[in-house]
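Here are the chains, one letter per residue:
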Amino acid sequence: KDCSGIRIEPATSLTGRLPVQIELSPPLLYWKERRRWMWHKKWCLPRLHVRVTQPGALQAVAAAGQRLLVMVTAGTLRDGHFGLADEGLSGECELPLDGGEVTFSSLLFQHTSFNCGNRPFHLVVTVIAASASAPLSAQTELQAIGAYCSSPIHVDARKRTKGERPEASADDVR
């Protein structure tokens, strides 16, 4: 389901891989000693820019009478469960593609890894096709035509103590 609760069906009319470039600016923090990406819950996520890299794909969508939306979600993988458990993001998580591009800003994680069984989060960017003529509502048919998942991201809510990282400088928040 999308952010409004509208059910998203797998694509049937639009086939093939949708070439998409996704960029976080600035990048997430990488903690080299623990070999993991990390972020703090209170910080807005970096700007997330999504761009369809093949103009022909946009023309095919338009020719099919559809428009593209992009939805960003965050979740964790739970042992013994299929798929990603949605842990939520705050902010505007669903936007239309404009000229094949869209930028998300001011998104926040709603939970920490600690509160989710110490599991890392994954950001998922889903490209959705919807009818170009119909307004979005609970009756709108949406089709997922591409989904892209990030590497694991540890979401924290506190700064590491000097005892945990004696070599860190005072402004290093990891």
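Relevant structure appears above.
Residues numbered from 1 in each chain as written. Predicted model: local features only at pLDDT ≥ 70, side-chain atom pairs only at ≥ 80, totals over all residues. Heavy atoms only, no water.

Caption draft 1: A look at the overall build of the protein. Within the protein, the secondary structure is distributed over 1 helix and 14 strands. Looking at the protein as a whole, 39% of its 174 residues are labelled buried. A total accessible area of about 10,000 Å² is found for the protein, and carbon and sulfur atoms account for 52% of it. (Helix = DSSP H or I, 4+ residues; strand = E, 2+ residues; numbered from the N terminus. Buried < 20%, exposed > 50% of the residue type's maximum accessible area, 1.4 Å probe, protein only. Areas by Shrake-Rupley, 256 points an atom, 1.4 Å probe, with all protein chains shown as cover.)

Caption draft 2: Molecular detail of the packing of aromatic side chains. Going through the model one piece at a time under the given rule, you end up with 3 aromatic pairs. Relative to tryptophan 43, the ring of tryptophan 39 lies with its centre 5.1 Å away and its plane at 80°, an arrangement referred to as edge-to-face. (Phe/Tyr/Trp six-rings, centres within 6.5 Å; stacked < 30°, edge-to-face > 60°.)

Caption draft 3: Expanded view of the nonpolar core. The biggest cluster of nonpolar side chains holds 32 residues, and the ones touching the most others in it are Leu89, Phe104 and Phe109. Within the residue set of this core, elements represented by two or more residues are β5 (47–52), α1 (55–63), β6 (66–77), β10 (101–104), β12 (122–131), β13 (142–149) and β14 (153–156). Membership of the second largest hydrophobic core comes to 5 residues, among which are Leu69, Met71, Ile128 and Ala130. (Core = buried A, V, L, I, M, F, W, Y, C linked by side-chain atoms within 4.5 Å.)

Caption draft 4: Structural view of the sheet that holds β10. Spatially, β2-β5-β10 is the arrangement adopted by the 3 strands of the open sheet, whose pairing is antiparallel. With one partner strand each, in any of the chains shown, β2 (20–25) and β10 form the two edges of the open sheet. Taken pair by pair, the neighbouring strands of this sheet meet at an average axis angle of 15°, ignoring direction. In this sheet, β10 lies alongside β5 in antiparallel orientation, the contact comprising 4 bridges. If you follow histidine 49 over to β10, its bridge partner there is threonine 103. (Pairing = 2+ DSSP bridges. Axes fitted to C-alpha atoms, helices over the stretch in contact; angles between N-to-C directions.)

Caption draft 5: Inspection of the sheet that holds strand β3 (residues 29–31) at higher detail. On the basis of which strands lie adjacent, the open sheet formed by 3 strands has the order β3-β4-β14 and mixed pairing. The open sheet has two free edges, formed respectively by β3 and β14, since each of these has just one partner strand. If you compare each strand with its neighbour and ignore which way they point, the axes differ by 40° on average. Pairing of β3 with strand β4 (residues 36–40) involves 3 bridges; the strand directions are antiparallel. Within β4, the position partnered with tyrosine 30 by the bridge is tryptophan 37.

Caption draft 6: Fine view of the pattern of salt bridges. Scanning the entire structure with this criterion turns up 2 salt bridges. The salt bridge partner of glutamate 87 is arginine 78, with a shortest N-O separation of 3.2 Å. On the basis of relative accessible area, glutamate 87 is assigned to the buried category, the value being 9%. Salt bridges linked by common partners bring Arg78, Glu87 and Arg119 together as one network. (Salt bridge = Lys/Arg side-chain N within 4 Å of Asp/Glu carboxyl O.)

Caption draft 7: Fine view of the pairing of β4. Counting the residues in the hairpin turn of β3 and β4 gives 4 residues, including arginine 35, whose phi is positive at 50°. Taken together, the 4 bridges between β4 and β14 define a ladder with parallel strand orientation. Looking across to β14, one finds that histidine 40 is bridged to aspartate 156.

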